[in-house]
Amino acid sequence: MTTGGRAVLLLPLLVASALFAQIRASDPLFHESFDEGFEGSWVVSGKEEYSGVWKHEKSDGHEDYGLLVSEPARKYAIVKELDSPVTLKDGTVVLQFEVRLQNGLECGGAYLKYIRPQEAGWDAKEFDNDTPYTIMFGPDKCGSTNKVHFILKHKNPKTGKYVEHHLKSPPSVPYDKLSHVYTAILKPDNEVRILVDGEEKSKANFLSADDFEPALIPSKTIPDPDDKKPEDWDERAKIPDPAAVKPDDWDEDAPTEILDEEATKPEGWLDDEPEEVDDPEAAKPEDWDDEEDGEWEAPKIDNPKCEEAPGCGEWKRPMKQNPAYKGKWHAPLIDNPAYKGIWKPQEIPNPEYFELDKPDFDPIAAIGIEIWTMQDGILFDNILIADDEKVATAILEKTWKPKFDVEKEKQKAEEAAAADSEDLSEFQKKIFSVLYKIADIPFLEPYKIKIIDIIEKGEKQPNITISILASVAVILVTVLFRTIFGGKKPVAPVKPVAEVKKPNATEADAAGSSGDKEEKEDDTTAPRRRSRRET
């Protein structure tokens, strides 16, 4: 067969191989979308302390399902074992997942644990806080803690012990109730990048002592734990001058303050007036019983005569700083001739030191969520492990971005409505204030109670403010007409104020979830102004 013939036969194979490689590169290593229920795939911890109930629920306002933390003030634990472990030692690895804090996050975690291979016989139902992991990644917020954790557990090849290494400069957790996506990109050049919503927030190097605490590579030397400070070691840089003597005229007993003999009583001082007097408006209560309650005494008030005077009562000379006061004498400090500096133990080689070109990551054999939180409504979705950043970005754009855009627009609309409502509320307050003043006009006295009834109804239902204005205007015009033209023309009937229609249960449900519903009005808490009727 000619060379050209072989090339023709090989061309389809090459194209097929390239196409297969392209398809393989576009697939994630693991992707959990929670489109189907999690039962049978994820294993809930059987430990008694994890009493929180996981649910398969839709994200509020979307048709997309996720794994929901359904109860507040609970511990939760659930784990998913991978079909085959994912190695972190070769090439790029992307860890990514979505979290929506539908009720906010005041105190609790919403992070994932990437579990390393366990010992033979390990049961997923035993998953708990002590289950060894390779990486812990995700948001955590409580008190002063507000960070997107990235913690690597790395095995020291010298000692065989695992050490937790925390990213020193993690990003903070977004403070809202929107969906957010968290991404950690581990690169083969030892770089790790942390992204929130696809935007880089932090970058570090696994082998840099400036980026992780403690450093992945221990220091070459350590202080000798057996080295002890000599008994005659003097760390005092300064000492009291042993040759110094207290001066003969130094009076340590002189007081800090003395009477100001030069002070004179201000003109107009009321010597015979007390600072407080009985309240002249106070009266003994009618039910006061001198035998049971004792002799009644009027409460005291500030003496009004003292308000304009420089002072009342007995005048006394004020105190002033004693110019002779020096306090306790101390010898001045001088340089210590025996000073040897601050003692430190000598350095010795660190027995735990090792050299490393790149971290010796343990594989990821399972993904677990083990959290304690005071909030419910935490929704996990689209948990992803990929070996290509483009794959992670494509899934982010497809699954998270549309939801986030909808939520963001809804948030903007709610904020704008709240701002408009607040402005209208201030405007309404001014209207009602003017209406109450109108009700106090003397010639409207016969209609005062009726006007106040209308105003109070308007305060409970601010959306009928215009109707309230119209009703009061009708009364005002009618009274003015009768006053000017006389006659016995009856007062025009006040148009009843329309009641606000309350939505039925179906309408309320269609408006959104419980997190978006407005609280129902409670007539028992509405402000009353009965005192205005009695004036």
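Preceding this paragraph is the structure being described.
Anyway, here's the lowdown on the structure attached to this text. Everything quoted here is computed from the prediction, not taken from an experiment. (Residues numbered from 1 in each chain as written. Predicted model: local features only at pLDDT ≥ 70, side-chain atom pairs only at ≥ 80, totals over all residues. Heavy atoms only, no water.)

Structural notes on the overall build of the protein chain
- For the protein chain, the count of helices and strands is seven helices and 25 strands.
- For the protein chain, the residues scored as buried account for 33% of the 535 residues in total.
- Put simply, of all contacts in the protein chain between residues at least 6 apart along the chain, 74% involve residues at least 24 apart.
- As displayed, the protein chain offers around 33500 Å² of accessible surface, 52% of which is attributable to carbon and sulfur atoms. (Helix = DSSP H or I, 4+ residues; strand = E, 2+ residues; numbered from the N terminus. Buried < 20%, exposed > 50% of the residue type's maximum accessible area, 1.4 Å probe, protein only. Contact = heavy atoms within 4.5 Å. Areas by Shrake-Rupley, 256 points an atom, 1.4 Å probe, with all protein chains shown as cover.)

A closer look at the side chain of Thr-92
- Secondary-structure assignment places Thr-92 in the loop between β5 (74-86) and β6 (93-101).
- Once you skip the residues sitting within four places of it in the chain, Thr-92 turns out to touch Ile-185, Leu-186, Lys-187, Pro-188, Ala-386, Asp-387 and Glu-389.

Brief notes about a negative patch on the surface
- A contiguous patch of negative charge, built from Glu-275, Glu-276, Asp-302, Glu-307 and Glu-308, is present on the exposed surface.
- Along the chain, Glu-307 turns up in the loop between β20 (300-302) and β21 (319-321).
- For Glu-307, a relative accessible area of 64% gives the class exposed. (Patch = residues over 30% accessible without salt bridge, like charges linked within 9 Å, V, L, I, M, F, W, Y side chains within 5 Å. Salt bridge = Lys/Arg side-chain N within 4 Å of Asp/Glu carboxyl O. Lys, Arg positive; Asp, Glu negative; His and termini not counted. Charge placed at Lys NZ, Arg CZ, Asp CG, Glu CD.)

Some thoughts on unusual backbone geometry
- The omega torsion of the bond from Glu-213 to Pro-214 falls at -10°, within 30 degrees of zero and hence cis.
- Assignment of secondary structure puts Pro-214 in the loop between β15 (212-213) and β16 (221-223).
- In this model, Asn-190 sits at a positive phi of 75°, which is unusual for a non-glycine residue.
- According to the relative accessible area criterion, Asn-190 is buried, its value standing at 10%.
- The phi torsion at Asn-382 lies on the positive side, around 45°, for a residue other than glycine.
- Mapped onto the fold, Asn-382 is located in strand β25 (residues 378-386).
- Under the relative-accessibility criterion, Asn-382 is labelled buried at 5%.

Description of the nonpolar core
- Among the nonpolar cores identified, the biggest contains 58 residues, and Tyr-114, Phe-137, Phe-150, Leu-186, Phe-380 and Ile-385 are the most heavily contacted of them.
- The greatest single-element share of this core, amounting to six residues, is contributed by β5.
- Dropping the residues within four chain positions of it, Ile-385 is found in contact with Pro-28, Leu-29, Phe-30, Leu-82, Val-86, Val-93, Val-94, Leu-95, Tyr-114, Ile-364 and Ile-367.
- Grouped together as the second largest cluster of nonpolar side chains are 16 residues, Leu-435, Ile-451, Ile-452 and Val-472 included. (Core = buried A, V, L, I, M, F, W, Y, C linked by side-chain atoms within 4.5 Å.)

Notes on the state of the cysteines
- According to the stated counting rule, one finds two disulfides in the structure shown.
- Paired by a disulfide, Cys-107 and Cys-142 hold their sulfur atoms 1.8 Å apart. In this structure, the disulfide formed by Cys-107 and Cys-142 twists by about -70° around the S-S bond and is classed as left-handed. Placement of Cys-107 in strand β7 (residues 107-109) and of Cys-142 in strand β9 (residues 133-142) is noted, with a sequence separation of 35 residues between them.
- Residue classification places Cys-107 among the buried residues on the basis of a relative accessible area of 13%.
- Shown here is the disulfide that connects Cys-306 with Cys-312, its sulfur atoms set 1.9 Å apart. Because the sign of the S-S torsion sets the handedness, a value of about -120° for the bond joining Cys-306 and Cys-312 places this disulfide among the left-handed ones. (Disulfide = S-S within 2.5 Å.)

What to know about the pairing of β9
- Burial analysis of β9 places nine of its ten residues in the buried class, the great majority of the element.
- In this sheet, β9 lies alongside β7 in antiparallel orientation, the contact comprising three bridges. Across the sheet, residue Gly-109 finds its bridge partner in β9, namely Asp-140.
- Examined bridge by bridge, strand β8 (residues 112-115) and β9 share four bridges and lie antiparallel to one another. (Pairing = 2+ DSSP bridges.)

Let's talk about the packing of aromatic side chains
- Scanning the model with the defined rule gives eleven aromatic pairs in all.
- Here the aromatic rings of Trp-54 and Tyr-76 are separated by 5.1 Å at their centres, their planes lie at 75°, and the arrangement is edge-to-face. Of this pair, Trp-54 sits in strand β3 (residues 54-58) while Tyr-76 sits in strand β5; the two residues are 22 residues apart in sequence, bridging distant segments of the chain.
- Judged by its relative accessible area of 7%, Trp-54 falls in the buried class.
- Judged by centre distance (5.5 Å) and plane angle (20°), the ring pair of Phe-206 and Phe-212 falls under stacked.
- The buried category is assigned to Phe-206, whose relative accessible area is 1%.
- One aromatic cluster is present, formed by Phe-97, Phe-137, Phe-150, Tyr-182, Phe-206, Phe-212 and Phe-361 through successive ring pairs.
- When the ring centre of Tyr-162 is taken as origin, the NZ or CZ atom of Arg-116, which lies over that ring, is 3.7 Å away.
- Positioned over the ring face of Tyr-133 is Lys-153, at 4.6 Å from the centre of the ring. (Phe/Tyr/Trp six-rings, centres within 6.5 Å; stacked < 30°, edge-to-face > 60°. Lys NZ or Arg CZ within 6 Å of the ring centre and 35° of its normal.)

Looking at the pattern of salt bridges
- All chains considered together, the criterion is met by 24 salt bridges.
- For Asp-271, the salt bridge is made with Lys-265, and the minimal N-O distance between the two is 3.1 Å.
- Where salt bridges share partners, they join Asp-64, Glu-98, Asp-381 and Lys-403 into one cluster.

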